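Below, each chain spelled out in residue letters.
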Amino acid sequence: MIGLIASAQATTGDLLTSVRESLTRANRKYTVAAILAVLLGLFWVSPLWGGISTAFKTQSAFINTIPLSPPPAGEVTIQPWLRAWETLSPSLGNSLIFTLPAMVFSGVLGSLAAYGLTMVDWRGQVAVMATFIVAIFLPKQGILLPLSRFWNAVDLQGILSSLGYFSLPFAHQSHTTLLILIITHTAYGIGICTLLFRGYYLTIDHDLVEAARIDGAGVFSIYRNIILPLSYPMFMVVFIFQFTQIYNEFLYALILVGGSDPSAGAPITLALAELNSGFSQNWNNQMAGAFITAVPTLIVYVLFGEQFAKGVKY
Amino acid sequence: MAQLTFDDVRKTFQEGNNEIVAVDDLNMEVRDGEFLVVVGPSGCGKTTTLRMVAGLETITEGQIELDGRSIRGMSPQDRNIAMVFQSYALYPHMTVFDNMAFGLRESTDLSEDEIDDLVTETSEMLDIKELLNRKPSELSGGQQQRVALGRAIVRDPDAFLMDEPLSNLDAKLRAEMRTELQRLQEEFETTTIYVTHDQTEAMTMGDRIAILDHGELQQIGTPMECYYEPANEFVAGFIGEPSMNFLRGTSDGGVLRMEDFSYELSQSTVESIGSTTEITLGVRPEDVEVVPEATQTNDVAVEVDVVEPFGKENNLYLKPEGSDTDDTIIATVGGRKSVNEGERVGMRLPEEHLYLFDRSDGTAIRHPTVEAEEITPVAE
């Protein structure tokens, strides 16, 4: 009997010793780091979790429970999602219609500008590059007033109708606003796209451009045949970045579009804001709406996230 | 068919307030069909010179003429020259075929079929035909180098410009490509300027060698001329491996007083020295004779410091007895002669193999005298 107790004590003693040993070795740092990482992860994810669980709650469940707790049994509903989708879906099309072209144009123009600034020799490059950098740092709020005045002065509607655009079968009233958004976002995005491409082009071996010149290729031919094919990774980065920036953008949309009327060209960001206003705050609808709005960007990251990471690592 | 002429060519770079002279009043002529090797230490201006011919650097002053026309100010695209880069600069996203075809597509009006024929033909000549559909990243260094060559050859230019094309290859491959390049150049008879820092390549490949130092042309001549009749100390020390031994001395009557020994000169040598007193004596390692004992006049008693066996020959580092410096004189002897480190032997410098230089500016005063009978053709 005493023997059994003694051996049990010994085993526990061994266990405690080995635990202590593993904690005192380098493993301790690893364990602490792992615990911290898990805690931080939970902290980051908690708002997301809170949002999702709210989106599945009924109104009463929302009032009676804290955000972090899951919807109680019997109070799970998909109504918020349906209502949110109803309000938001007409604007989703608008968002994509102006985001995708603006993303492509700002990327292509940025690539061309960066090419001219890194691979072609001419005077004044530093000054021009400085202008691009300044453009990146221009705050949206600062140029908001001149921008809206600009679009008031430039009667794009009038220009388009005089060109006969509105007589085309697919033309719509809202296209003017969408075109305004495309142009504005392209212009605002050129600065950062140029900067990103410039950094990338500086890593390309200049010998390639010299060899192409000796082979007889002119400036544009070098861009088309040599630089553009090599830019593919950076285009992925720029497109993903610009998509997120332009799609999620709220301020220009608010000022340049006005209301949240989808037929007037309102993007999904404005429609979401509409969902959030009003006298009765339906948090569950708003949470569902927020997630629906985020879906395209999530899709882009899931599909192209690896390209993004590869492209950023030169 | 193109002669290349350099007329007072000068290239300067601005660095802040300083003006750096990269090439200083270069005057030389590359004959039609000639293989000229431009050689010199790093920073001597040889690559800058090549790039001026290519059009990748502007010419600050002077003229360069290709085939009779001045090419100053002309863009690289219009010059009808082809260049092989040290890094090969192959287009990484194109196949070997497209790499070679690119120049033809951009600078000629040939049809796709004609281009196809030319590229295939050139690839056969360079033994890379099976590689035509591969990308550069799938090739070995030697294969990439052949593609870079092929890209230049297929254009049939007025001149080939080569910027140290063999320096990225291992020693064995380098030796093979040296021979191959020579063969190709003789076949095409295209004027070629070949830049390198390797004097072996210069000696073995060039019809003539141009040696540059700090932007100045030191000498231009055949390999034999540069080896046996160097214009100055720099050329003498640069050409030849292991390089020439240089010993400081003063001329005193008919005797050269060196640091560790004296050397009696013959009358004719004294005459060629004239009134110069500060002399540098030069002797090539293969001309230094090693004898068992210092017996004759002008023999020097030495101790063997280091022995470097090469198989076919031995390099001996000889230290004169009584010398208070660690300076050694290198002697190259046959590989079958056995010498040990620490042995005391005699060193004999035959007068007919001595080079003498004016110490004040390095110019050569006297070249070795070679008896006419010593040079005999192998075949009659």
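Scoring rules and cut-offs
Residues numbered from 1 in each chain as written. Chains lettered and ligands numbered in written order. Predicted model: local features only at pLDDT ≥ 70, side-chain atom pairs only at ≥ 80, totals over all residues. Heavy atoms only, no water. Helix = DSSP H or I, 4+ residues; strand = E, 2+ residues; numbered from the N terminus. Contact = heavy atoms within 4.5 Å. Areas by Shrake-Rupley, 256 points an atom, 1.4 Å probe, with all protein chains shown as cover. Lys, Arg positive; Asp, Glu negative; His and termini not counted. Charge placed at Lys NZ, Arg CZ, Asp CG, Glu CD. Core = buried A, V, L, I, M, F, W, Y, C linked by side-chain atoms within 4.5 Å. Buried < 20%, exposed > 50% of the residue type's maximum accessible area, 1.4 Å probe, protein only. Phe/Tyr/Trp six-rings, centres within 6.5 Å; stacked < 30°, edge-to-face > 60°. UniProt positions renumbered as here; feature names shortened; annotations may be inferred. Salt bridge = Lys/Arg side-chain N within 4 Å of Asp/Glu carboxyl O. Patch = residues over 30% accessible without salt bridge, like charges linked within 9 Å, V, L, I, M, F, W, Y side chains within 5 Å. Pairing = 2+ DSSP bridges. Axes fitted to C-alpha atoms, helices over the stretch in contact; angles between N-to-C directions.

In this section: the overall build of chain B. Along the backbone of chain B there are nine helices and 21 strands. Referenced to the eigenvectors of the C-alpha coordinate spread, the extents of chain B come out at roughly 80 × 50 × 45 Å. Taking as baseline every contact in chain B between residues at least 6 positions apart, the subset at least 24 positions apart corresponds to 64%. As presented, chain B carries roughly 17,900 Å² of accessible surface, and 43% of it is formed by carbon and sulfur atoms. Distance between charge centroids for chain B: 4 Å, based on 31 positive and 75 negative side chains.

Formed by 73 residues in total, the largest nonpolar core has its most connected members in A:Y201, A:I226, A:I227, B:F6, B:I64 and B:I193. The greatest single-element share of this core, amounting to eight residues, is contributed by helix α11 (residues 232-247) of chain A. If we skip the residues at most four places from it in the chain, B:I193 touches B:L4, B:F6, B:V30, B:L36, B:V38, B:L50, B:V53, B:F160, B:L161 and B:M162. Ranked by size, the runner-up nonpolar core spans 43 residues in total, among them B:V37, B:V84, B:L104 and B:L131.

Quick look at the packing of aromatic side chains now. For the structure on display, the rule yields 17 aromatic pairs over all chains. Between A:Y115 and A:Y223, the ring centres sit 5.2 Å apart and the planes meet at 50°, which makes this aromatic pair tilted. Linking A:Y115 in helix α4 (residues 79-118) with A:Y223 in helix α10 (residues 219-230), this pair joins segments that are 108 residues apart in sequence. Ring geometry for B:F35 and B:Y194: centres 5.6 Å apart, planes at 35°, overall tilted. A residue pair is termed long-range when its members are at least 10 positions apart, and B:F35 in strand β3 (residues 35-39) and B:Y194 in strand β8 (residues 191-196) qualify at 159 residues. Note on accessibility: B:F35 and B:Y194 belong to one class, buried. A connected cluster of aromatic rings, assembled from ring pairs, spans A:F197, A:Y200, A:Y201, A:F235 and A:F239.

Under the UniProt annotation, the feature "domain: ABC transporter" (unreviewed entry) is placed at residues 4-239 of chain B. Helix makes up 36% of residues 4-239 of chain B and strand 28%, with an end-to-end C-alpha separation of 24 Å.

All names here are of chain B. Taken as a whole, this structure holds 18 salt bridges over all chains when the rule is applied. Salt-bridge contacts for D98 lead to R105; the nearest nitrogen and oxygen are separated by 3.2 Å. One salt bridge in this structure joins E112 and R105, with 3.0 Å as the shortest N-O distance. The class of E112 is partly exposed, set by a relative accessible area of 43%. Taking relative accessible area as the criterion, R105 reaches 35% and is therefore assigned partly exposed.

Right, let's get into a nonpolar patch on the surface. Residues and elements named next belong to chain A. Residues L40, F43, W44, V45, L48, W49, I52, I66 and L68 make up a contiguous nonpolar surface patch of about 960 Å² in total accessible area. Note on placement: L68 falls in the loop between α3 (59-64) and α4. On the basis of relative accessibility, which here comes to 45%, the residue L68 falls in the partly exposed class.

All names here are of chain B. In space, the six strands of this open sheet follow the order β13-β12-β11-β14-β20-β21, with antiparallel pairing throughout. A strand with exactly one partner marks an edge of an open sheet, and here the two such strands are β13 (262-264) and β21 (364-366). Strand-to-strand twist across the sheet, computed as the mean angle between neighbouring axes with direction ignored, equals 35°.

Residue and element names in this part refer to chain B. Side chains of D7, D8, E19, D25, E61, E65 and E216 sit close together on the surface and give a patch of like negative charge. At the level of elements, β1 (4-15), β2 (18-30) and β4 (61-66) are the ones that each hand at least two residues to the negative patch. Mapped onto the secondary structure, D25 falls in strand β2. What makes D25 partly exposed here is its relative accessible area of 42%.

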